[in-house]
Number of protein chains: 2
Amino acid sequence: MKKVTVIGLGVMGASIGLAIKKRLIDVRVAGIVRREQHLQQALKMRVADEVYKDFNSEAFKADLVIIAVPILSIIRMIEDIEPFLQKGTIITDIGSIKGLIAEQASRVYGKEHTFIGSHPMCGSEKTGMEHADLRMFDNAPCILTPDVSTDPDDTEKLSSFWKALGCRTLIMDASLHDRQISHISHLPHMLSSVLMNFGCEQRKHYENLLDVAGTGFSDMTRLAEGNPSLWTDILEANRKNIIDSIGSFKEGLEEILNILKKNDKERLFNYLKRNYERKIDFENFRKSHKIKDIS
Amino acid sequence: MKKVTVIGLGVMGASIGLAIKKRLIDVRVAGIVRREQHLQQALKMRVADEVYKDFNSEAFKADLVIIAVPILSIIRMIEDIEPFLQKGTIITDIGSIKGLIAEQASRVYGKEHTFIGSHPMCGSEKTGMEHADLRMFDNAPCILTPDVSTDPDDTEKLSSFWKALGCRTLIMDASLHDRQISHISHLPHMLSSVLMNFGCEQRKHYENLLDVAGTGFSDMTRLAEGNPSLWTDILEANRKNIIDSIGSFKEGLEEILNILKKNDKERLFNYLKRNYERKIDFENFRKSHKIKDIS
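To keep things clear, this report deals only with the structure shown in the data block. (Residues numbered from 1 in each chain as written. Chains lettered and ligands numbered in written order. Predicted model: local features only at pLDDT ≥ 70, side-chain atom pairs only at ≥ 80, totals over all residues. Heavy atoms only, no water.)

Here's the deal with the overall build of chain A
Piece 1. When helices and strands are counted, chain A shows 10 helices and 9 strands.
Piece 2. Computed over its C-alpha atoms, the radius of gyration of chain A comes to 21 Å, within 12% of the 19 Å expected for a compact globule of 295 residues.
Piece 3. When each of the 295 residues of chain A is scored for burial, the buried share is 58%.
Piece 4. For chain A, the accessible surface area stands at approximately 12500 Å², while carbon and sulfur atoms represent 47% of it.
Piece 5. Of the charged side chains in chain A, 41 are positive and 41 negative, and the gap between their average positions amounts to 3 Å. (Helix = DSSP H or I, 4+ residues; strand = E, 2+ residues; numbered from the N terminus. Rg over C-alpha atoms; globule rule 2.2 N^0.38 Å. Buried < 20%, exposed > 50% of the residue type's maximum accessible area, 1.4 Å probe, protein only. Areas by Shrake-Rupley, 256 points an atom, 1.4 Å probe, with all protein chains shown as cover. Lys, Arg positive; Asp, Glu negative; His and termini not counted. Charge placed at Lys NZ, Arg CZ, Asp CG, Glu CD.)

Let's talk about the packing of aromatic side chains
Piece 1. All told, the structure shown has 16 aromatic pairs over all chains when counted by the stated rule.
Piece 2. Ring plane angle 50 degrees and centroid distance 5.8 Å describe the contact between Phe137(B) and Trp162(B), whose orientation is recorded as tilted. Taken as a pair, Phe137(B) in the loop between strand S7 (117-120) and strand S8 (141-145) and Trp162(B) in helix H5 (residues 152-164) lie far apart in primary sequence, 25 residues in all.
Piece 3. In textbook terms, an aromatic cluster arises when at least three aromatic residues are bridged by ring pairs, as seen for Phe55(A), Phe60(A) and Phe84(A). (Phe/Tyr/Trp six-rings, centres within 6.5 Å; stacked < 30°, edge-to-face > 60°.)

Here we look at unusual backbone geometry
Piece 1. One non-glycine residue, Asn139(B), adopts positive backbone phi at about 65 degrees.
Piece 2. Relative to the elements of secondary structure, Asn139(B) occurs in the loop between S7 and S8.

Side note on the relation of the copies chain B and chain A
Piece 1. Least-squares fitting of chain B to chain A yields an RMSD of 0.0 Å, with the superposition described by an axial translation of 0.0 Å and a rotation of 180 degrees. The relationship between the two copies is best expressed as a two-fold rotation axis. Distance from the rotation axis, computed per C-alpha, reaches its smallest value in chain B at Met220(B): 2.7 Å.
Piece 2. A shared interface surface links the copies, since 100% of the contact residues of chain B are contact residues in chain A too. (Least-squares fit on C-alpha atoms with pLDDT ≥ 70 in both. Contact = heavy atoms within 4.5 Å.)

Re the sheet that holds strand S8 (residues 141-145) of chain A
All names here are of chain A.
Piece 1. Spatially, the 3 strands line up as an open sheet ordered S7-S8-S9, and their pairing is mixed. With one partner strand each, in any of the chains shown, strand S7 (117-120) and strand S9 (168-171) form the two edges of the open sheet. Adjacent strand axes in the sheet meet at a mean angle of 25 degrees, parallel and antiparallel pairs treated alike.
Piece 2. Bridge analysis of S8 against S9 gives 4 bridges, and the strand direction is parallel. Directly across from Ile143, in S9, lies its bridge partner Leu170.
Piece 3. Docked against the sheet, helix H6 (residues 174-201) engages S7 and S8, running at close to 145 degrees with respect to S8. (Pairing = 2+ DSSP bridges. Axes fitted to C-alpha atoms, helices over the stretch in contact; angles between N-to-C directions.)

A few points about the sheet that holds strand S2 (residues 28-32) of chain B
All names here are of chain B.
Piece 1. The strand order across the open sheet formed by 6 strands is S3-S2-S1-S4-S5-S6, and the pairing between neighbours is parallel. Whereas interior strands pair on both sides, the edge strands pair on one side only; in this sheet they are strand S3 (50-52) and strand S6 (114-115).
Piece 2. Bridging between S2 and S3 involves 3 bridges; their strand directions are parallel. Bridged to Ile32 within S3 is Tyr52.

Quick notes on the pattern of salt bridges
Piece 1. Here the structure, examined in full by the defined rule, presents 42 salt bridges over all chains.
Piece 2. Between Lys53(A) and Glu36(A) there is a salt bridge, and its shortest N-O distance comes to 3.1 Å. Residue Lys53(A) is located in the loop between strand S3 (50-52) and strand S4 (64-67), and its partner Glu36(A) is located in helix H2 (residues 36-45); the two are separated by 17 residues in the primary sequence.
Piece 3. By relative accessible area, which is 42% here, Lys53(A) ends up partly exposed.
Piece 4. Lys157(B) is the salt-bridge partner of Asp154(B), the closest N and O atoms lying 3.8 Å from each other. Remark: Lys157(B) and Asp154(B) occur in helix H5; sequence separation between them is 3 residues, near one turn of the helix. (Salt bridge = Lys/Arg side-chain N within 4 Å of Asp/Glu carboxyl O.)

Considering the interface of chain B and chain A
Quoted interface sizes are often the accessible area lost when the parts come together.
Piece 1. Taken together, the 90 residues of chain B in the interface contact 90 residues of chain A.
Piece 2. For the pair chain B and chain A, the summed buried area comes to about 8900 Å², and 69% of that belongs to carbon and sulfur atoms.
Piece 3. When the buried surface of chain B facing chain A is broken down by residue, Ile184(B), Val212(B) and Met220(B) rank first, second and third, together holding 8% of it.
Piece 4. Put simply, chain B and chain A have 10 salt bridges between them.
Piece 5. The shortest N-O distance in the salt bridge between Glu254(B) and Lys250(A) comes to 2.6 Å.
Piece 6. The element that contributes the greatest number of residues to the side of chain B that touches chain A is helix H6 (residues 174-201) of chain B, accounting for 19 residues.
Piece 7. Of the residues in the side of chain B that touches chain A, the class split is 47 nonpolar, 20 polar and 23 charged. (Buried area = accessible area lost by both parts, 1.4 Å probe. Nonpolar A, V, L, I, M, F, W, Y, C, P; charged D, E, K, R; others polar.)

Just distances and angles here, no functional claims.
Here it is, written out as structure tokens:
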């Protein structure tokens, strides 16, 4: 791989640039931004070797093009960059839903260009290039969503790229991705926002409720600080799966509610202990950087 | 204040000892532990100036006695230490429920001794003296629960003590404490455990679901690692309030579910944006260390 082009140098795109410059020192990074100010900032921060404000054949002379913009812009961008794409370039994105994006790529590119969706499971509540972090991808799962027509060699190339940046990669179907991510990422995000809402709304009954909130409440509402406009698009795009996830989670709440209502101390202890052990196992698994494919 | 006696030198009790030795350098700390090993460790770590393995009049010659043991042990301890308590000593605890404890103190001490409950809203998932942290109390809210018969001067003395350790203090009735804490601390704890349970149970449908979990899921399940036996006691003691909290939270989930089902993008955006702004305000408030009484 000689050159990677990153479209959009926000916190994620710029982190990709920094990580490439650190981990893949022979690879040239091209960045595409909209504003002159960001072009200058990118060169100053060395997140890219060359930065463009428009689409041109030079910018797209790359082995890999990464679309690192918000979801609805990805959908549009897939179409907008089509005239500039070169034979043999792999195109990917980093959006947190994959079904809609895969459909659009298939519609626009057909068999002309190789598109494989990526979803690195990391990020920041902060937006903007200045919050870029070259360690953003360390040990993060990164899901790749090739389809049946994808050449396995291309999937392997993309997988190697993300691994070089620090990720462990997993391969799965785009629609399976969306269902799993709904459970494991979008649901937690919703819960965080609903808890923030709950804490504030309950001030009707307990005026200074938030004054007594400690680190537990603070950690559980961290995700509520995610960019509302980005998240509206994500949730809308994955709406049906999220409705299912919230429904299943409500059943989970019902279970613990029953245990409490029955005052069944033994079941309560077993419930807490089981999930305490699972949490420890889960964090140990994360620390072990284990790479597994779950196609 | 010349001497503070801390009963129990686990992570919380030992953190109190360390914080006193750092922030109130003229105050002597006595510790009471059960095992010889912990006595030696406490002296070695300098969490206390004197350490005892039994109750004796020397150990209780103190301006303040802090019961820093699990909830059910607090209830027992209130009774067990009674014969050793001296006139003029203020007794407190650091349990995360206050109603039951206040009842027990009132029953055992009557007007003989001054008991005022404390609840510093901080802690660690880790247990044991070795995880003690002298900065544990920095900016943590600490709720004091005097009753109608408490001398305001004694409440003020206890409040000054916690402030010296880095807390901001709030005063409220024990039963109001339990209702508020149910919403702002026990509910988040339950949600964290239920989410961990959900993630694991859903592996029936998505075998490797946890492999794709990123920092969001990890943060949202942090509290699930709380000690199951301590938490069983807390949840049982505050059971009725927690049942109410979970019920109200479920209504909150219903609201967002309706927004999603109606595909009302504007309302979804407004919901996320409102809670995004509230989260930012909340964290700014926490940073401001503002001290408010909400009696």
